[in-house]
Amino acid sequence: MVMIEVKDIHKSFGKVKALNGVSCTIQKGEVVVIIGPSGSGKSTFLRCLNHLEKIDHGTIIIDRIPLTDSKTHIHKVREEIGMVFQQFNLFPHLSVLRNITLAQIKVRKRSSEEAEQIARNLLDKVGIPEKADNYPFQLSGGQQQRVAIARALAMQPKIMLFDEPTSALDPEMIGEVLDVMKNLAREGMTMVVVSHEMGFAKEVADRVIFMDEGKIVEEGTPDQLFNNPREERTRVFLSKVLK
Amino acid sequence: MMFDFDVIAKNLPYLLSGVKFTLALACLVIVIGTFLGIVLGLSKLSKNRILRYPANFIVELTRDTPIIMQMFFIFFGLPALGIRLKTFPSAALAMSFFAAGNTAEIVRGAISSLPAGQFDAAKSLGMNYFQMMIYVIIPQALRRMMPPMMGLFTTLIKDTSLAAIIGAFELTRAGQEVIERTFRSLEIYLVVAAIYFIICYPLSYYTRKVEKARVTGY
Amino acid sequence: MGYQLDPYIIVKHLPLFLKGVFLTVEISFFAILLGLAIGILGAVARTSRFKILHIIGASYVEVFRNTPLLIQIFIIFFGLPGLGIKLSPYISGLTALVLYVGAYNTEVIRAGLEAIPKGQVEAAKSLGLTGVQTFRYVMLPQTFRISLPALGNNWVALVKNSSLVSVIGMVELTWVAYDLNALTFRSFELFGAATLFYLLLIFILTNIQSFVEKRFAYRT
């Protein structure tokens, strides 16, 4: 079943063309990893999916809801999609628990008991149930990112977007976050991940997409793309990155 | 020439009676100014041009002109339009505009200094504009606004002295009246300065403490 | 409402208005320069090794920042004669403005000095530069670049505060407007015009500030 359908999207920032005709279909339960050099448009592509960036032309359909400028559509789409950011973006003035329950209560209109229950379950699932009453600044980077994942999951989205989730982490903490993401993939979550972690892609991705200069250059299974890249540019990029 | 301590002692009560008005004026102005200022500040940040252009204009007008000029304009100029305000209300109105303009800038600065990611996270969780502002943005902005707002309050207390120029009764005017009777300018003005100092110094000291504490927070 | 706007009144008194603007600009200009000098001296005092300088600097700053400028002007112009010191309105006004802005400048420049990475001073010392040379060639220029925005704010405040010297009779812009108002009662036009002149002056000042900021930034 098609979850995400993207047809020929274009996006410019002033004179810079970030997305130059990108089309893509993502199935339910698929784990798609997007790789590419910086400036290739991978983050922009991700941010267009939940309307953090507005496309100039093309169409995006999320779970049969067309993503237009209408506020109701944007809201419906954002309820289906959870996003995890490179900089975590936890709310520093709220406790970990409140970070996770806030949107549940205000957007999903759940009761505070229900929201708290869900929050605690998720904290347990990401491995840090004891941190519920701490504040973000008291947590390590890896812990903060896991809280961010729990916060997004608490909204029970159908799709999870990850924008370079481990790029801001110290090396020893990358593993704990990737483990959470791997579990999520195994449970059947539809995931679109922009990342440099090739190991993660090889292990869990159903499909890897290589982007460069605002276009999709090549896509395939991890085996196909990493071992038998068809395009020259893909080869060049992989040789630099897989050293 | 002898420094006349006696004249200070005799007139201190009268001077202190002016302090009541000084504080009343400052407090009134900060309350009105903060309220208006937040509205103006949010308007300045709005994507809506109908809100943004007038807000920009009002803020520039009230911040880039001397308070005394705004007081003159309201006290002497408005009667031409049929609005005749007494001295205290004129001073209060002029200073409120000044406070609002500065507050707007402080609000705008505080919100702009927040990382863009906070807005992104709130939006991606499905919050609408008001939910985002009330639960995520404004709580964080308020913490950043505290030091400059306290500085503004201190400035306003000092600026109440300008009300004396249009004849409003507060500490400075009280001082002028005493001098008219006693001719001891040096002693009286020094005492008046000391009274302002006693009011303002604790405030600025406390402001600095708050600023230092904030740096260790977020 | 029987009031009829008479913009012609401004044109009629334009020479006097311009005289007022000129004096405002003149006194602001000198106050900015002298205030800068005081600010540097104050900042040096506040960051020096000698505790006594710290105390003198801090006292100066606290006294002048926690008392109204108007009272400072009154003390200098009306109070000092009691001690035998009679200053002209011009000198009184200028002194008050310089001391007032100097206190604010001291804090700004001090923050700028403290913001310079310690490595700069270490590098200068290891190259053999004396303390004074280090200060003049390494610290001061960098301090300016860091402090410029805040200093600019102080200058804008100074131009606005210059309006207060009108109370001791200096014929600057505010005095002109006030005096003409007493004569003609055309408050709306007169104070409106004066307001516009101030807006114009400050607009020019902030543009100069942006220009200088950009020029300095280029030179890293």
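Refer to the structure presented above.
Quantities reported herein were computed from a predicted structural model and do not represent experimental measurements.

1. Details of the arrangement of the chains
Next, step 1: In this assembly, 2 pairs of chains are in contact, and the pair contributing the most contacts is chains B and C.
Next, step 2: Of all C-alpha pairs spanning chain A and chain C, none lies closer than 23 Å, and the two are not in contact.

2. A short note on helix α2 (residues 49-63) of chain B
Residue and element names in this part refer to chain B.
Next, step 1: For α2, built from 15 residues, the straight-helix expectation of 21 Å at 1.5 Å per residue is met to within 8% by its first-to-last C-alpha distance of 21 Å.
Next, step 2: By the burial criterion, the buried members of α2 are A55, V59 and T62. Projected onto a plane normal to the axis of α2, the buried residues spread over an arc of 70° and lie on a single side. α2 presents R49, I50, Y53 and F57 as exposed residues on the side facing more than 90 degrees away from its buried surface.

3. Structural notes on the nonpolar core
Next, step 1: A:F45 and C:F17 are the most contacted members of the largest nonpolar core, which has 152 residues in total.
Next, step 2: The residues touching A:F45, leaving out its near neighbours within four places in the chain, are A:V6, A:I9, A:L19, A:V22, A:C24, A:I34 and A:M211.

4. Structural notes on the packing of helix α3 (residues 67-77) of chain B against helix α8 (residues 173-184) of chain C
Next, step 1: At a minimum axis separation of 11 Å, α3(B) and α8(C) run at an interaxial angle of 15°. Here α3(B) is positioned roughly parallel relative to α8(C), judged by the angle of their axes. The chirality of how α3(B) crosses α8(C) is left-handed. Across from B:I68, B:M69, B:F72 and B:F76 in α3(B), the residues of α8(C) making contact are C:T174, C:Y178 and C:N181.

5. Side note on the environment of A:V84
Residues and elements named next belong to chain A.
Next, step 1: Position of V84 among the secondary structure elements: in strand β6 (residues 81-84).
Next, step 2: Exposure remark for V84: the relative accessible area of 1% places this residue in the buried category.
Next, step 3: Each C-alpha atom, one on V84 and one on K240, is 27 Å from the other, the two residues being 156 residues apart in sequence.
Next, step 4: When neighbours within four sequence positions are excluded, V84 is seen to be in contact with Q145, A148, I149, A152, M160, L161, F162, D163 and P165.

6. What about the interface of chain C and chain B?
Next, step 1: Counting residues at the interface gives 36 residues for chain C, matched by 35 residues for chain B.
Next, step 2: Taken over both partners, the interface formed by chain C and chain B buries close to 3,200 Å², and the fraction arising from carbon and sulfur atoms is 76%.
Next, step 3: When residues of chain C are sorted by the area they lose upon contact with chain B, C:N66, C:K160 and C:F188 head the list and together hold 18% of the total.
Next, step 4: At the junction of chain C with chain B, the criterion picks out 1 salt bridge.
Next, step 5: Between B:R208 and C:E62 there is a salt bridge, with its nearest N and O atoms 3.2 Å apart.
Next, step 6: Applying the counting criterion to the chain C and chain B interface returns 7 residue pairs in polar contact (both at pLDDT 80 or more).
Next, step 7: Listing elements by their share of the side of chain C that touches chain B, those giving two or more residues are α3 (51-65), α4 (69-79), α5 (89-115), α7 (131-161), α8 and α9 (187-218) of chain C.
Next, step 8: Looking at the side of chain C that touches chain B element by element, the count peaks at 9 residues for α9(C).
Next, step 9: When the residues that make up the side of chain C that touches chain B are grouped by side-chain class, the tally is 23 nonpolar, 10 polar and 3 charged.

7. Remarks on the pairing of strand β9 (residues 207-212) of chain A
Residues and elements named next belong to chain A.
Next, step 1: Burial analysis of β9 places 6 of its 6 residues in the buried class, the great majority of the element.
Next, step 2: On β9, burial covers both faces: R207, I209 and M211 on one face and V208, F210 and D212 on the other are all buried.
Next, step 3: Here β9 pairs with strand β10 (residues 215-220) via 5 bridges, running antiparallel. Looking at the pairing, V208 lines up with G220 of β10.
Next, step 4: Joining the antiparallel neighbours β9 and β10 is a turn of 2 residues, in which E213 adopts a positive phi near 50°.

8. Things to note about the sheet that holds strand β4 (residues 57-62) of chain A
Across a sheet, paired strands are connected by hydrogen bonds in the backbone, their directions being either parallel or antiparallel.
All names here are of chain A.
Next, step 1: Pairing is antiparallel across the open sheet formed by 4 strands, whose spatial order is β2-β1-β4-β5. In this open sheet, the two strands that pair with only one neighbour each are β2 (16-27) and β5 (65-66).
Next, step 2: Across 9 bridges, strand β1 (residues 2-13) lies against β2 in antiparallel orientation. Bridge pairing in β2 links V2 to Q27.

9. Side note on the side chain of A:R207
Residues and elements named next belong to chain A.
Next, step 1: Relative to the helices and strands, R207 is located in strand β9.
Next, step 2: Classification of R207 by relative accessible area gives buried; the value is 14%.
Next, step 3: Of the polar contacts made by the side chain of R207, one reaches the side chain of E219; its length is 2.6 Å.
Next, step 4: If we skip the residues at most four places from it in the chain, R207 touches C24, T25, I26, E30, V31, V32, V33, E219, G220, T221 and P222.

10. Some points on the interface of chain A and chain B
Next, step 1: Taken together, the 22 residues of chain A in the interface contact 18 residues of chain B.
Next, step 2: When chain A packs against chain B, the two sides together hide about 1,800 Å² of surface, and 64% of this comes from carbon and sulfur.
Next, step 3: Of all residues in chain A, A:R78, A:F91 and A:H93 bury the most surface against chain B, accounting for 30% of the area lost on that side.
Next, step 4: Here chain A is connected to chain B by 1 salt bridge.
Next, step 5: Its salt-bridge partner being A:R47, residue B:D120 comes within 3.0 Å of it at the nearest N-O pair.
Next, step 6: Counting every contact that joins chain A to chain B gives 8 residue pairs in polar contact (both at pLDDT 80 or more).
Next, step 7: Of all the secondary-structure elements, those providing two or more residues to the side of chain A that touches chain B are α2 (71-80), β6, α3 (96-106) and α5 (141-153) of chain A.
Next, step 8: If one sorts the elements of the side of chain A that touches chain B by residue count, α3(A) sits on top with 4 residues.
Next, step 9: Taken together, the residues that form the side of chain A that touches chain B break down as 12 nonpolar, 4 polar and 6 charged.

11. Focus: a nonpolar patch on the surface
All names here are of chain B.
Next, step 1: A surface patch of nonpolar side chains, amounting to about 460 Å² of accessible area, comprises L28, V31, I32, L36, L93 and F97.
Next, step 2: Among the elements of the structure, α1 (5-45) and α4 (87-112) are those that each provide at least two residues to the nonpolar patch.
Next, step 3: If you tally residues by element for the nonpolar patch, the top one is α1, at 4 residues.
Next, step 4: Checked against the element boundaries, L28 lands in helix α1.

12. Looking at the sheet that holds β9(A)
Residues and elements named next belong to chain A.
Next, step 1: Across the sheet, 6 strands lie side by side as β6-β7-β8-β3-β9-β10; this open sheet has mixed pairing. Of all strands in the sheet, those bounded by a partner on one side alone are β6 and β10. On average, each strand axis in the sheet is inclined to that of its neighbour by 20°, with strand direction left out of account.
Next, step 2: Pairing of strand β3 (residues 31-35) with β9 involves 4 bridges; the strand directions are parallel. In the sheet register, V32 faces β9, and the bridge partner there is R207.
Next, step 3: Packed onto the sheet, α2 meets β6 and β7 (159-163) and runs at close to 65° relative to β6.

13. Considering the packing of α5(C) against α7(C)
Residue and element names in this part refer to chain C.
Next, step 1: Where α5 contacts α7, the two axes come as close as 8 Å, and the packing angle between them is 140°. Classified by the angle between their axes, α5 and α7 sit oblique to one another. Where α5 crosses over α7, the two elements pack in a sense that is right-handed. Of the residues in α7, those in contact with L97, Y100, V101, Y104, N105, V108, I109, G112, L113 and A115 of α5 are F135, M139, T143, I146, S147, A150, L151, N154, L158 and N161.

Cut-offs applied
- Residues numbered from 1 in each chain as written.
- Chains lettered and ligands numbered in written order.
- Predicted model: local features only at pLDDT ≥ 70, side-chain atom pairs only at ≥ 80, totals over all residues.
- Heavy atoms only, no water.
- Contact = heavy atoms within 4.5 Å.
- Helix = DSSP H or I, 4+ residues; strand = E, 2+ residues; numbered from the N terminus.
- Expected span 1.5 Å × (residues − 1).
- Buried < 20%, exposed > 50% of the residue type's maximum accessible area, 1.4 Å probe, protein only.
- Arc of directions from axis to C-beta.
- Core = buried A, V, L, I, M, F, W, Y, C linked by side-chain atoms within 4.5 Å.
- Axes fitted to C-alpha atoms, helices over the stretch in contact; angles between N-to-C directions.
- Parallel < 35°, antiparallel > 145°, perpendicular 65-115°, else oblique.
- Left-handed = near helix turned anticlockwise from the far one by under 90°.
- Buried area = accessible area lost by both parts, 1.4 Å probe.
- Salt bridge = Lys/Arg side-chain N within 4 Å of Asp/Glu carboxyl O.
- Polar contact = N/O pair within 3.5 Å; in protein donor to acceptor, adjacent residues only side chain to side chain.
- Nonpolar A, V, L, I, M, F, W, Y, C, P; charged D, E, K, R; others polar.
- Pairing = 2+ DSSP bridges.
- Patch = residues over 30% accessible without salt bridge, like charges linked within 9 Å, V, L, I, M, F, W, Y side chains within 5 Å.
- Areas by Shrake-Rupley, 256 points an atom, 1.4 Å probe, with all protein chains shown as cover.

None of the figures reported here should be taken as evidence of function without further support.
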